[in-house]
Amino acid sequence: KISIALGDVEIVRQGVATGYDQKAARAVMAGTEVTVTVNLYMGAAEATAWGCDLTHGYIDENTLYSR
């Protein structure tokens, strides 16, 4: 089971969605850089990945479920 956080907003804890504050998560996502932390509970390791997709279609598709 994994845990996932956007910045300091934990959205999944041990495989279960949390009752996170959507306003706080949106504020994190509005930043120029977003840190996503994924804990796989498999020991200590770290990696960095960079990416982006800011096409209009992508943004439209990913905002539909949060309206």
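Refer to the preceding data block for the structure.
Read on for a plain summary of the structure.

Quick notes on the rules
- Residues numbered from 1 in each chain as written.
- Predicted model: local features only at pLDDT ≥ 70, side-chain atom pairs only at ≥ 80, totals over all residues.
- Heavy atoms only, no water.
- Helix = DSSP H or I, 4+ residues; strand = E, 2+ residues; numbered from the N terminus.
- Buried < 20%, exposed > 50% of the residue type's maximum accessible area, 1.4 Å probe, protein only.
- Contact = heavy atoms within 4.5 Å.
- Areas by Shrake-Rupley, 256 points an atom, 1.4 Å probe, with all protein chains shown as cover.
- Pairing = 2+ DSSP bridges.
- Core = buried A, V, L, I, M, F, W, Y, C linked by side-chain atoms within 4.5 Å.

## So, the overall build of the chain
For step 1, the next point in the chain: What the chain contains, in helices and strands, is two helices and four strands.
For step 2, the next point in the chain: Going from the N terminus to the C terminus, the chain shows its helices and strands as β-β-β-α-β-α.
For step 3, the next point in the chain: Within the chain, the proportion of its 67 residues that are buried is 15%.
For step 4, the next point in the chain: For the chain, long-range pairs separated by at least 24 residues make up 41% of all intrachain contacts whose partners lie at least 6 apart in sequence.
For step 5, the next point in the chain: For the chain, the accessible surface area stands at approximately 5,800 Å², while carbon and sulfur atoms represent 56% of it.

## So, the sheet that holds strand β4 (residues 36–39)
For step 1, the next point in the chain: The four strands are arranged β3-β2-β1-β4 in an open sheet whose pairing can be described as antiparallel. Of all the strands in the sheet, the pair left with one neighbour each is β3 (16–17) and β4.

## Examining the pairing of strand β1 (residues 3–6)
Residues in a regular strand project their side chains so that they alternate between the two faces of the sheet.
For step 1, the next point in the chain: Burial of the side chains of β1 extends over both faces: Ser3 and Ala5 are buried on one face and Ile4 and Leu6 on the other.
For step 2, the next point in the chain: Bridge analysis of β1 against strand β2 (residues 9–13) gives three bridges, and the strand direction is antiparallel. Each bridged residue has a counterpart across the sheet, and for Leu6 the counterpart in β2 is Val9.
For step 3, the next point in the chain: Adjacent in sequence and paired antiparallel, β1 and β2 are bridged by two residues, among which Gly7 carries a positive phi angle near 60 degrees.

## A closer look at the nonpolar core
For step 1, the next point in the chain: Ile4, Leu6, Val9, Ile11, Val12, Ala25 and Val28 form the largest nonpolar core, which has seven residues in total.
For step 2, the next point in the chain: Counting residues per element, the ones that place at least two in this core are β1, β2 and α1 (22–29).
For step 3, the next point in the chain: Looking at this core element by element, the count peaks at three residues for β2.
For step 4, the next point in the chain: Not counting residues up to four positions away in its chain, the partners in contact with Ala25 are Leu6, Val9 and Tyr20.

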